[in-house]
Amino acid sequence: MTSTRPGATLVAGLAVVGTMIVLAIAAPLVTGHDPTALGLTAGLQPPSWSHPFGTDQLGRDVWARVVYAGRTDLRVGVLAVLAPLAVGTLLGLLAGYFGGPLDRVVRFVIDTVMAFPFYVIVLALVAVLGTGERSIYLALAAVAWVNYARVVRNGTRGFAGENWVAAARGGGLSRRRVIGRHILPNAVPQLIVLAVTDVVFVILAIVTLSYLGLGIRPPTPDWGTMIFDGQAFVTTQWWIAVFPGLAVLVTGIGFSLLADGLADLYRERD
Amino acid sequence: MRSWARASGRLIAYAVAVTLAVVVLAFGLSRAMPGSALSAQLGSHATDATRQQLAAQLGLDRPWWSQLGTLLRNLITHGDVGPSMVNGESVRSAITARAGATLSIVVLAMLIAVLLATAIAVVSATHQNRWPDHVLRVVLSAGIAVPAFWLGLLLVLLFSVHLRWFPVAGLGTGPAAWLRSLVLPAVTAAVGIVPLLARSLRAQLLEVLHADFVVAARATGLSSRRILLRHLIPNAALPALTLVGTNLAYLIGGTFVVESVFTIPGVGDLMFRSITNRDSTTITGIVIYTAVLVVVVNLLTDLVVRLLDPRLARGGAAL
């Protein structure tokens, strides 16, 4: 075993992410329990046939809650990447293509935003915006666009001076067409890899905010609040906190392998 | 050397500009919260008169540019952002009283992370695309994906509850106990940035590994270990120093979260409390202090790297 096939990472990532998404979508089919139904006489039960992940302090089925929480956390995780991706790409393209003062301004803003420690500024933004899903989208949109802008800007800067761009402009193509049809497609592979990597960080951020009581609000099941709930019982009823944490871990490894696999794929194609 | 001084002047001026922008943005954030700070302090039954009186006392009735001016003057003359919205104490003293614990975790975590990441990067780069590289790749993915607070919980369960090696929570009294109580928080905080450091280090090592001078060194018959220690690591060390600066921001935020798991009375703890109390001045202060710390450390690493690396000192670009 000296070298595995290059596609192995990609396949592994796809399999893990696919499984988590299917479980979340098919939640009502993979569990017969209601994730919010209280069972006060059936609290704190260890894993068993009827409750594979046990029950929590309110008698709720932990497996059902883990699966239903996946619906929230995966949805928010993927959606929260889109706005930063769009904003960062647009600013990066403009800064890279036009250069000059616009480029200097965009780079200055990027450097300023990057000076704020990620969780510190996200927490401060949540303090302004209040808790809940909408605040998560807004706070992450305000911060996470810089990575995309930086990558696209650096990539575009390299192209802007190349002959084919000048040729395309000289041939009568509009700026918008040159950027949209010729420069942007070159950045797409890198953007996809970055966005998939970002899903890992965004899901972590959502789960962390929820753990701190500043993210997804109960009773909506979410992995972070579940871990917080289970923290008090961890020495005796470990399953309440351990399973939702494993769900975050497995999901994150999946997206991370997927990003690695995609990066390998693009590298080989070039 | 003269070009280094000129480049340094530019870097310092840029850092000052970024710092100013940081303060303005943080001020904007605090402006978005003040009404609620008044309610937090007065409760919902306060009359308009008391409300106005308190607003005047806190300077909230003045126009925004005047408030920003006061903030800048306070920062420059006292290094302070003003009194807390909730208890009127100096925000600077509230932060510095707790900064020791937080900074100790940050420094300890950075040391652990650099050592661990270097070891991982050396093994993966020297075994590129063989099984140790693949295994470490999955391990690093897990390091990125694991929620710090959950990992902390498991570490406490194993090392504090079962093995009783470390305290379960809080800060120990006396230097030895204090250090011991910081070990698990530091390890937990380090895990989050090890993958980021290790991946970049691995890429840099691979680049050096294929450089002409290494190929030449190998051709002269030097042992792999000697090449690694004498040529590879020194050449990858400078870029690694830059990485410490760029990953510091993520580490500080991670440390805040870790503090809440281990109930460490640090700056993170102050932050969470201030969010609950809607104490906008304290939140602004923490945001400014941490961001300025990041700017200063990045500036210093930039200056050192340029001083030590003649290629960069000659005016090469660094973004």
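Residues numbered from 1 in each chain as written. Chains lettered and ligands numbered in written order. Predicted model: local features only at pLDDT ≥ 70, side-chain atom pairs only at ≥ 80, totals over all residues. Heavy atoms only, no water.

If you check an unreviewed UniProt entry, chain A appears there as ABC transporter permease from Kineosporia mesophila. Comment text from UniProt for chain A, heading Subcellular location (unreviewed entry), reads "Cell membrane". Reading the Sequence similarities (unreviewed entry) entry of the UniProt record for chain A gives the comment "Belongs to the binding-protein-dependent transport system permease family." (UniProt positions renumbered as here; feature names shortened; annotations may be inferred.)

## Observations concerning the nonpolar core
By size, the foremost hydrophobic cluster in this structure holds 176 residues, and its most contacted members are Trp223(A), Phe255(A) and Met271(B). Counting residues per element, this core draws most heavily on helix H8 (residues 175-211) of chain A, at 19 residues. The residues contacting Met271(B), other than those within four sequence positions of it, are Val120(A), Leu123(A), Ala124(A), Phe256(B), Ile283(B) and Ile286(B). (Core = buried A, V, L, I, M, F, W, Y, C linked by side-chain atoms within 4.5 Å. Buried < 20%, exposed > 50% of the residue type's maximum accessible area, 1.4 Å probe, protein only. Helix = DSSP H or I, 4+ residues; strand = E, 2+ residues; numbered from the N terminus. Contact = heavy atoms within 4.5 Å.)

## A few points about empty space enclosed by the protein
Gaps left between atoms show up when a probe the size of a water molecule is rolled over them. One pass over the full model with this rule turns up four cavities of 30 Å³ or more. The space that makes up the largest cavity amounts to roughly 210 Å³. Contributing to the lining of the largest cavity are 19 residues, with Tyr119(A), Ala148(B), Gly192(B), Tyr250(B) and Gly254(B) lying nearest its centre. Here the lining of the largest cavity is composed, by residue class, of 14 nonpolar, five polar and no charged. Lining the second largest cavity we find Phe166(B), Pro167(B), Val168(B), Ala169(B), Gly170(B), Arg180(B), Ser181(B), Leu184(B), Pro185(B) and Phe262(B). Across the lining of the second largest cavity, the residue classes tally to seven nonpolar, two polar and one charged. (1 Å grid on protein atoms, 1.4 Å probe; cavity = no way out; pocket = protein on both sides within 12 Å on 5 of 7 lines; lining within 4 Å. Points joined across faces, edges and corners; volume = space filled by probe spheres on them. Nonpolar A, V, L, I, M, F, W, Y, C, P; charged D, E, K, R; others polar.)

## As for the UniProt feature "transmembrane region" (unreviewed entry) in chain A
Residues and elements named next belong to chain A. Following the UniProt record, the feature "transmembrane region" (unreviewed entry) maps to residues 76-98, 105-129, 191-216 and 236-259 here. For residues 191-216, helix accounts for 81% and strand for 0%, while the C-alpha atoms at its two ends are 28 Å apart. The span residues 236-259 shows a helical share of 88% and a strand share of 0%, and its end C-alpha atoms are spaced 37 Å apart.

## Thoughts on the pattern of salt bridges
Evaluated as defined, the whole model comprises 11 salt bridges over all chains. Two residues, Arg153(A) and Asp103(A), come together in a salt bridge whose shortest N-O distance is 2.8 Å. With Arg153(A) in helix H6 (residues 133-160) and Asp103(A) in helix H4 (residues 100-115), this pair connects stretches of sequence that are 50 residues apart. Asp103(A) sits in the buried class, given a relative accessible area of 5%. Here Asp133(B) and Arg202(B) are joined by a salt bridge, their closest N and O atoms 2.9 Å apart. With a gap of 69 residues between them, Asp133(B) in helix H6 (residues 131-145) and Arg202(B) in helix H8 (residues 175-209) connect regions that are remote in the sequence. On the basis of relative accessibility, which here comes to 5%, the residue Asp133(B) falls in the buried class. One salt-bridge network, held together by shared partners, links Asp260(A), Asp264(A), Arg267(A), Arg137(B) and Arg199(B). (Salt bridge = Lys/Arg side-chain N within 4 Å of Asp/Glu carboxyl O.)

## Concerning the interface of chain B and chain A
Taken together, the contacts link 50 residues of chain B with 49 residues of chain A. Summed over both partners, the interface of chain B with chain A comes to about 4400 Å²; 76% of that surface belongs to carbon and sulfur atoms. At the junction of chain B and chain A, the tally comes to three salt bridges. A salt bridge links Arg137(B) to Asp260(A); the nearest nitrogen and oxygen atoms lie 3.4 Å apart. Run the count over chain B and chain A and you get eight residue pairs in polar contact (both at pLDDT 80 or more). (Buried area = accessible area lost by both parts, 1.4 Å probe. Polar contact = N/O pair within 3.5 Å; in protein donor to acceptor, adjacent residues only side chain to side chain.)

## Overview of the packing of aromatic side chains
Residues and elements named next belong to chain A. A complete count under the given rule lists 13 aromatic pairs over all chains for this structure. Taking the centre distance of 3.8 Å and the plane angle of 5° together, the rings of phenylalanine 53 and phenylalanine 243 count as stacked. You can see phenylalanine 53 sitting in the loop between helix H2 (27-30) and helix H3 (62-98) and its partner phenylalanine 243 sitting in helix H10 (residues 239-269), a full 190 residues away along the chain. Here tyrosine 97 and phenylalanine 98 contribute two aromatic rings whose centre-to-centre distance is 5.1 Å and whose plane-to-plane angle is 90°, an arrangement assigned as edge-to-face. Here tyrosine 97 falls in the buried class, since its relative accessible area comes to 13%. A network of ring pairs unites the aromatic residues Phe53, Trp63, Trp238, Trp239 and Phe243 as a single cluster. (Phe/Tyr/Trp six-rings, centres within 6.5 Å; stacked < 30°, edge-to-face > 60°.)

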